[in-house]
Amino acid sequence: LGARLAPPTPSGSGGSGRGDASHLTPRGGAGVGAMSRRERGPELGPGGAEAAAEDAEPESPDQCLSLLPWDRFSAWLHCVCVVGFDLELGQAVEVIYPPHSKLTDKEKTNICYLSFPDSNSGCLGDTQFCFRFRRSPGRKVSLCCFLDQLDRDLPVYLKKDSAYYYGYVYFRQVRDKSLKRGYFQKSLVLISKLPYVHLFRTMLKQIAPEYFEKSEAFLEAVCSDIDRWPPPVPGKVLQLPVMGVIMKLRIPTYRDKPGTTPIVQNMHQADAQISMALPTVHEVDLFRCFCPVFFHIQMLWELVLLGEPLVVMAPSPAESSETVLALVSCISPLKYCSDFRPYFTIHDSEFKEYTTRTQAPPSVILGVTNPFFAKTLQHWPHIIRIGDIKLPGEVPKQVKVKKLKNLKTLDSKPGVYTSYKPYLNKDEEIVKQLQKGVQQKRPTEAQSVILRRYFLELTESFIIPLERYVASLMPLQKCISPWKSPPQLRQFSQDDFMKTLEKAGPQLTSGLKGDWIGLYRHFLKSPNFDGWFRSRQKEMTQKLEALHLEALCNENLVFWSQKHTEVETVDLVLKLKNKLLQADREHLPVKTDTLKKLQTHINDIILALPDDLQDILLKTGTT
């Protein structure tokens, strides 16, 4: 490390071959990486702030958790809605539970239309899918202290986005001659800020069929069960009882090694309750989703990485939502920073904004099922057309990338329609490995694990050189003086970064050939880079603030105050108090002992002042 304060270059950087990627975990920030450096605590060598992250003892979420009714429920869900079909009104929200839950008219309208499949989908029976929609602006975001703490402990790709809600849907459509329309059509919808797709899908599978039989009282009992759940603490094995079933799960943390999922053991219950262990809270069946576009996975990874406009045209919301979620997750542990809509309809409040031809298509991934979109979005540069998703019984055949002009209707053949030319050469090895799995009838779960590991290693190989360069932008340790403001980070220079690639580029961890330089140049203009770099800047700035605070603590401040005027001493006390408030407000990665030491310094300085000043300063808080 020398004297530089930057986080260490990921270990093992001298190795080669893809197998080394697992040791080269990106230290990503709020745009990238499974481990945010601020959250892990900056790594400064012996006695550094890495220890601070471990020494700090944040208040337990259970201690913070207020015992007001519905607080525990609100930690998991915003509300539960029942959407039915009214012959005069069309889709309508029939029930919102708990009754005090607030939704604007615009949000209710979005929920109504997004909770039913398009009529052309022909979804008879039960269908599960999910959607995502914008929260109305100007609404107060009320997050308790414990929810803030929980969000900080999550990997970046699972952090809540306060601007959006997810809707998890269980839709039932069955023939019913007693109804005028001839069909019973209803959706049970869970509205949540949490992207825990697998958890809520599993939960709906348990409760929805029974709800359609028993109605309102049952729904009330379900919500009452949820209001007794423990808070969603990352890293703990949680037991979530709902209507006689206990779901056991573990929410990942930023400390987890990317690509690993600690197994939750299924314990036998002493009583009559059934227990089920969930292998994941958020992952979709990656292999099943990518099966229809099997041969283009690497090109799709590039398109998602670069934030290119993508539309998925599918026969039903189940297929469209799963495919969009699979696409977004394929660049993990990088966070996909643009908007994505697992299921999008012509009634969506952003329909005009996203389909206008007066400007270039936005950086967004849309999942659609309505044939109307084949015409409305035909100017989009990349379109994925999928048929019914089913696992192949035989080895899939090679399908060429099709030209956009060949996409006339939604009935066009499945495939990828684009004129995009990938930067990297195709990795034939992963295709052969998955084809072999199909021949050997390898379980889809195992195929998904192989595919997820492939995407992870590809993303890590790509991001590590960027992480390494950004780490070098940190000032030297000798630049930090307790009596001056913390130094600034050096500016990111694209040219300087490009020069590092010759010796410390992705070739250290990936055997893939191709135009890596071109891929980086394109990425540096993308929303994904912007989101990642902004967050890294924030983390490193906070780290400098933390180091400045430690430098102040190591000074003899009382001795300093004795050599200066009362005015200067009072000014110092006020600045030190502000530093403490900032450390608390911004969750700076500082040891608890350092904060206590600084508070002791402040008290000692105040006690050395005249009585009248002591009274004022002991009562004075600062902003």
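Reading guide: rules and limits
- Residues numbered from 1 in each chain as written.
- Predicted model: local features only at pLDDT ≥ 70, side-chain atom pairs only at ≥ 80, totals over all residues.
- Heavy atoms only, no water.
- UniProt positions renumbered as here; feature names shortened; annotations may be inferred.
- Axes fitted to C-alpha atoms, helices over the stretch in contact; angles between N-to-C directions.
- Helix = DSSP H or I, 4+ residues; strand = E, 2+ residues; numbered from the N terminus.
- Parallel < 35°, antiparallel > 145°, perpendicular 65-115°, else oblique.
- Left-handed = near helix turned anticlockwise from the far one by under 90°.
- Contact = heavy atoms within 4.5 Å.
- Nonpolar A, V, L, I, M, F, W, Y, C, P; charged D, E, K, R; others polar.
- Buried < 20%, exposed > 50% of the residue type's maximum accessible area, 1.4 Å probe, protein only.
- Core = buried A, V, L, I, M, F, W, Y, C linked by side-chain atoms within 4.5 Å.
- Phe/Tyr/Trp six-rings, centres within 6.5 Å; stacked < 30°, edge-to-face > 60°.
- Lys NZ or Arg CZ within 6 Å of the ring centre and 35° of its normal.
- Pairing = 2+ DSSP bridges.

An unreviewed UniProt entry annotates the chain as DEN6A protein originating from Nicator chloris. In its Sequence similarities (unreviewed entry) section, UniProt records this for the chain: "Belongs to the DENND6 family."

Draft legend 1. Focus on the packing of helix α20 (residues 566-585) against helix α21 (residues 592-607). One way to put it is that α20 packs onto α21 with a least axis distance of 10 Å and a crossing angle of 155°. Relative to α21, the element α20 is oriented roughly antiparallel. Judged by the sense of rotation from one axis to the other, the crossing of α20 with α21 is left-handed. Contacts between α20 and α21 involve T569, L572, V573, L576, K577, K579, L580 and A583 on the former and, on the latter, L595, L598, Q599, I602, I605 and I606. Per-class residue counts for the contact of α20 with α21 are 10 nonpolar, 2 polar and 2 charged.

Draft legend 2. Representation of unusual backbone geometry in the model. With an omega of -5°, the peptide bond between Y97 and P98 qualifies as cis. On the secondary structure map, P98 appears in the loop between β2 (90-97) and α5 (105-114). You will see that W70, though not glycine, has its phi angle at about 75°, which is positive. Summarising the element assignment, W70 is placed in the loop between α3 (61-64) and α4 (71-76). Backbone geometry places M243, a non-glycine residue, at a positive phi of 50°. M243 sits in the partly exposed class, given a relative accessible area of 30%.

Draft legend 3. Spatial organisation of the nonpolar core. Membership of the largest hydrophobic core comes to 113 residues, with the highest contact counts inside it found for W76, F290 and L466. Ranked by residue count, the leading element in this core is helix α15 (residues 444-471), at 10 residues. Other than its neighbours up to four places away in sequence, L466 contacts F492, F497, Y520, F523, L524, F529 and W532. Ranked by size, the runner-up nonpolar core spans 21 residues in total, among them L552, V570, L572 and A583.

Draft legend 4. Up close: the packing of aromatic side chains. Counted according to the given criterion, the structure contains 37 aromatic pairs. Aromatic pair Y166 and Y168: ring centres 5.9 Å apart, planes at 10°, arrangement stacked. Across the pair, Y168 and Y166 agree in class, each one buried. Connected via pairs of aromatic rings, a cluster forms that spans W301, F462, Y469, F492, F497, Y520, F523, F529, W532 and F533. Above the face of the Y164 ring, R132 is positioned so that its terminal group lies 3.8 Å from the ring centre. In this arrangement the basic side chain of R132 is found over the ring face of F340, its NZ or CZ atom lying 4.0 Å from the centre.

Draft legend 5. Quick look at the sheet that holds strand β3 (residues 125-134). Pairing is antiparallel in the open sheet, where 5 strands are placed in the order β2-β1-β5-β4-β3. Every interior strand has two partners, whereas the edge strands, β2 and β3, have only one. For this sheet the average axis-to-axis angle between neighbouring strands, irrespective of direction, equals 25°. Examined bridge by bridge, strand β1 (residues 79-86) and strand β5 (residues 183-192) share 6 bridges and lie antiparallel to one another. In the sheet register, G84 faces β5, and the bridge partner there is K186. Running over the sheet, α5 touches β1, β2, β3, β4 (164-175) and β5 and is turned about 150° from β3.

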